[in-house]
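# Geometric and topological summary
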Amino acid sequence: GGGGTCSSDGGGTFTVTEEGSEGHGATVTITVKEDEKEYLEEARIRQVLKKYSSFVPYPIELNGERVEVQKAIWSHEPSQVSADEHEEFFKHLTSGFEAPLHTLHYRADAPLQLQSLLYVPKYHTEKFGLGRMAPAIDLYCRKVLISKEWGWPDWLRFVKGVVDCEDLPLNVSPRGG
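Per chain, residue numbering runs from 1 following the sequence as it is written. Reporting in this predicted model follows two pLDDT cut-offs: at least 70 for local features of residues, and 80 or more for side-chain atom pairs to be given and counted; totals over whole chains, interfaces and linings ignore these cut-offs and use all residues. Water and hydrogen atoms were dropped before computing side-chain values, which therefore reflect all heavy atoms in the structure.

### Details of the overall build of the protein
The following threshold applies: Going along the chain from the N terminus, every DSSP run of H or I of four or more residues is numbered as a helix, and every run of E of two or more is numbered as a strand. Burial here depends on accessible area, computed with a 1.4 Å probe over protein chains only, as a share of the maximum for the residue type. Under 20% is buried, over 50% is exposed, and the range in between is partly exposed.
Looking only at helices and strands, the protein features two helices and nine strands. Taken from the N to the C terminus, the helices and strands of the protein come in the order β-β-α-β-β-α-β-β-β-β-β. Taken over 177 residues, the protein has a buried fraction of 24%.

### Digging into the pattern of salt bridges
Defined as follows: One speaks of a salt bridge when a side-chain nitrogen belonging to Lys or Arg is within 4 Å of a carboxyl oxygen belonging to Asp or Glu.
Evaluated as defined, the whole model comprises ten salt bridges. Residues Arg-44 and Glu-38 are paired through a salt bridge, measuring 2.9 Å at the closest nitrogen-oxygen approach. Bridged by salt links that share partners, the residues Glu-42, Arg-46 and Glu-65 form one connected network.

### Observations concerning the side chain of His-105
Put simply, the rule is: Under the rule applied, a polar contact is a pair of N or O atoms within 3.5 Å (in protein, one hydrogen donor and one hydrogen acceptor; residues adjacent in sequence only if both atoms are side-chain atoms). Residue contacts are defined here by distance: any two heavy atoms, one from each residue, within 4.5 Å place the two residues in contact.
As for its position among the elements, His-105 is in strand E5 (residues 102-108). The exposure class assigned to His-105 is buried, which follows from its relative accessible area of 14%. Within the structure, the side chain of His-105 is placed 3.3 Å from the backbone oxygen of Trp-74, a separation counted as a polar contact. Polar side-chain contacts of His-105 include one of 3.3 Å to the backbone oxygen of His-76. Residue contacts for His-105: discarding those within four places in its chain leaves Ile-73, Trp-74, His-76, Glu-77, Pro-78, Val-81, His-86, Ser-116 and Leu-117.

### Section: the packing of aromatic side chains
Heads up, the condition is: Centre distance within 6.5 Å is the pairing criterion for rings of Phe, Tyr and Trp, where only the six-membered ring of Trp is used; planes under 30 degrees apart are then read as stacked, over 60 as edge-to-face, and the remainder as tilted.
Here the structure, examined in full by the defined rule, presents seven aromatic pairs. Judged by centre distance (6.4 Å) and plane angle (45 degrees), the ring pair of Phe-89 and Tyr-119 falls under tilted. Note that Phe-89 is positioned in helix H2 (residues 83-94) and Tyr-119 in strand E6 (residues 114-120), a separation of 30 residues in sequence. No difference in accessibility class separates Phe-89 from Tyr-119, as the two residues are buried. Site record: aromatic cluster; members linked through ring pairs are Phe-55, Trp-74, Phe-89, Phe-90, Tyr-119 and Tyr-140.

### A short note on the environment of Val-159
Within the element layout of this structure, Val-159 appears in the loop between strand E8 (144-147) and strand E9 (160-165). Val-159 sits in the buried class, given a relative accessible area of 8%. Along the backbone, Val-159 and His-102 are 57 residues apart, and their C-alpha atoms lie at a distance of 9.8 Å. In this structure Val-159 touches Leu-118, Tyr-119, Ala-136, Ile-137 and Trp-152, once residues within four positions along its chain are discounted.

### Considerations on the environment of Ala-83
Secondary-structure assignment places Ala-83 in helix H2. In sequence terms Ala-83 and Thr-103 are 20 residues apart; their C-alpha atoms lie 9.3 Å from each other.

### So, the sheet that holds strand E7 (residues 136-141)
Note the cut-off: Strand pairing requires that DSSP identify at least two bridges connecting the strands. For helices, the axis comes from a line fit to the C-alpha atoms of the stretch in contact; other axes are also lines fit to C-alpha atoms, and the angle between any two N-to-C directions lies between 0 and 180 degrees.
Taken in spatial order, the five strands line up as E5-E6-E9-E7-E8 in an open sheet, and their pairing is mixed. The sheet terminates laterally at E5 and E8, the two strands that pair on one side only. Averaged over all pairs of adjacent strands, the angle between strand axes in this sheet comes to 25 degrees, irrespective of strand direction. Here E7 runs beside E9; their pairing, made up of five bridges, is parallel. In the sheet register, Ile-137 faces E9, and the bridge partner there is Gly-161. The sheet strands contacting H2 are E5, E6 and E9, and the helix crosses E6 at an angle near 80 degrees.

Purely spatial values, then, with no claim about function.
Here it is as structure tokens:
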């Protein structure tokens, strides 16, 4: 087979060398600084994978065990997603037990390819004195989490969901910085 090795010292550049390889897939070997050793612990790796790669369409294995991946239902046609799937996804997003009050599943192709799935919860926790809610719309690019804080209007902080923009340039901060 034909494979290769991609190497980087973390300085912004990398080198690729061709090598033979067996089978499909990739092996990722990471060397970290002494004060970043926590990223070598399996629990921390799982936490990072869950946070940033919960919806990637490729199987991920860690130490020979498949890492659980959620279905990115926002990428499906709205008519193909059932009420039960919306309820389960909403529960996943909010770590809650209730179905949403309202669902908006939106797609646009021009000028940007954009997919969004927004939910209005049945209950607004600020009314019960549980503190001010943080905005909870996650920004994704091709099903990979880019930011949880990207400028969603504060007055819509009760809305939960995801926005996925395939055309988002990854070398530009979503906050414009």
